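Coordinates in review
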Amino acid sequence: MSRKFCARGLSRKQRFLRYTEKVKDKVLEKLIKSEEKRQKGVINLIASENYASKDVLSALGSVLTNKYAEGYPEKRYYGGNQIVDKIENLARARSLKLFGLSQEKWDSNVQPYSGTPANAEIYSALVPAGEKIMGLRLDMGGHLSHGHKVSFTGKFWQQISYGVSQKTEMLNYEEIAEIAKKERPKLIVAGFTAYSRIIDFKKFRKIADDAGAILLIDMSHFSGLVAGGVYPSPFPYADIVMTTTHKTLRGPRGAIIFSKKEFSTAIDKAVFPGFQGGPHENNIAAIAVALKEAMSPAFKKYARQIVKNAKVLAAELQNKGWRIISGGTDTHLFLMDTWSRGISGKAAQDLLEAKGIVVNKNTIPFDIRSPFDPSGIRIGTPAVTTQGMKAKDMKAVAKKINEILSGGRKFN
Ligand code: DSN
């Protein structure tokens, strides 16, 4: 047999093509199809979810998943990275361009696997173990990785928490300033998973300066809104900005850490080799695709519509007698107090899901109930806006939510 032709008369190239053909695992194929059908068939109001484009999905499912690339472009621990280097550099350049950042002042690292590892990498780069990190309480809209005690971020570092005002259910900057002055944390993180208002980054800058702290803005939830020009940019005020890439930014799962030049060497070392091994270059390519999509005029229009939809949905529910935390929203999400009308958050989530509307149960500020069955639900509009829903659709969704929940009190 010639060297060119191998087993069963196939050339090496033909064998390779067979190998890269679609996997014929019927069990898994059926499950994926079912999930696709579920996603298409529901009204998805989960604030942190979205539908990535076909181009993002195809980069994710590409041969780039085969490549090991530990290290950074031009400084790798494996051969064969010439093309992968170009891809990672492209993603980094696009991330800076999207947010209008100059390469002289800012760097970005596109390797973090997701938001929680990214936050850990930032803390480990900049805050000695055992020192203080100050963040928004989880039960008032923060995130586990902002130093909560059940997360390793609350075990390796000491969380100093701040909350919202009981009266306004919004951030109380005077109180945050007092806590920071007293506790003098090494790092302050501002950002949220369940807070519907615009954060005053300028005030946080002053609070951080007065306390001698580094300022980290976790814009995971609202980075797509910043890119679309409908939420203020944190970059004029922050030292470090972190975002996941799969929420309003509508990319693949992953994260980006933006850092001012003086912090970037420490951040890069903390990402690799500090926390991670080989970067997921298929993911990084998909992030590059999403960043390009987010630069388009269509994305700006999309971001405007997300916020408009959230405002309309919140106002309609409010008109039907539902209490919206803080009285409304400036963003893609809001919290609704269901317990004030006798329905727990879990019951509301289950009732809605049974009728094809997917939300998540959520604590509300000063919640008297447990996080497993809290007093409210979180509602967000990024995914339904991707599906093309507009204000009139939001009115119909509010009507449906009201009808479902108004009949739901007996379930508690
Ligand atoms: N779990 C995400 C959310 O739903 O907001 C944040 O990581």
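We now turn to the structure provided with this report. Residue numbers restart at each chain and count upward from 1, following the sequence in its written direction. Local features in a predicted model are, by the rule used here, given only for residues with pLDDT of at least 70; side-chain atom pairs are given and counted only at 80 or more, and totals for whole chains, interfaces and linings are based on all residues. By convention in this description, side-chain values take in all heavy atoms of the structure and omit both hydrogens and water.

1. Considerations on the pattern of salt bridges
In what follows, salt bridge is the name for a side-chain nitrogen of Lys or Arg lying within 4 Å of a carboxyl oxygen of Asp or Glu. Scanning the entire structure with this criterion turns up 23 salt bridges. Between Arg369 and Asp373 there is a salt bridge, with the nearest N and O atoms lying 3.0 Å from each other. With a shortest N-O distance of 3.9 Å, Lys392 and Asp393 are connected by a salt bridge. Only protein chains enter the calculation, and the probe is 1.4 Å; a residue is then buried if its accessible area is under 20% of its type maximum, exposed if over 50%, and partly exposed in between. Judged by its relative accessible area of 24%, Asp393 is partly exposed. Shared partners join several salt bridges into a network, and the residues in it are Arg76, Asp85, Glu88 and Glu281.

2. Focus on the site of the ligand
By convention in these notes, a residue is near a molecule or strand provided one of its non-hydrogen atoms lies within 4 Å of it. Looking at the ligand, the residues that line it are Ser48, His143, Thr193, His221, Lys247 and Arg378. Polar contacts, as counted here, are pairs of nitrogen or oxygen atoms within 3.5 Å of one another; within protein the pair requires one atom able to donate a hydrogen and one able to accept it, and residues that are adjacent in sequence qualify only if both atoms are side-chain atoms. Within the contact set of the ligand, an oxygen atom lies 2.9 Å away from a side-chain nitrogen or oxygen of His143. In this structure, Arg378 approaches the ligand through a side-chain N or O atom, which is 2.8 Å from an oxygen atom. Taking 240 Å² as the accessible area of the ligand by itself, protein coverage stands at 64%. Charged residues are taken to be Asp, Glu, Lys and Arg, nonpolar residues to be Ala, Val, Leu, Ile, Met, Phe, Trp, Tyr, Cys and Pro, and polar residues to be all remaining types, Gly included. Across the shell around the ligand, the residue classes tally to no nonpolar, four polar and two charged. Under the convention used here, a 1.4 Å probe and the Shrake-Rupley method define accessible areas, while residue burial counts only the protein chains that appear.

3. Focus: unusual backbone geometry
In the segment running from Phe272 into Pro273, the intervening peptide bond is cis, with an omega of 10°. Strands are runs of DSSP state E lasting at least two residues, helices are runs of H or I lasting at least four, and both sets are numbered from the N terminus onward. By secondary structure assignment, the location of Pro273 is in helix H10 (residues 261–275). For Glu74, which is not glycine, the phi dihedral falls at a positive 70°. Relative to the helices and strands, Glu74 is located in the loop between strand S2 (71–72) and strand S3 (75–76). You can call Glu74 exposed: its relative accessible area is 61%. Backbone geometry at Glu169 places phi at a positive 60°, although glycine is not the residue there. Take Glu169: its relative accessible area is 11%, and that puts it in the buried class.

4. Quick word on a nonpolar patch on the surface
Taken together, the side chains of Val27, Leu28, Leu31 and Ile32 make up a nonpolar region of the molecular surface, amounting to roughly 410 Å² of accessible area. Its location among the elements puts Leu31 in helix H2 (residues 26–41). Under the relative-accessibility criterion, Leu31 is labelled exposed at 55%. Patch members must show over 30% relative accessible area and no salt bridge, and they are joined within 9 Å when carrying like charges or within 5 Å when they are nonpolar side chains of Val, Leu, Ile, Met, Phe, Trp or Tyr.

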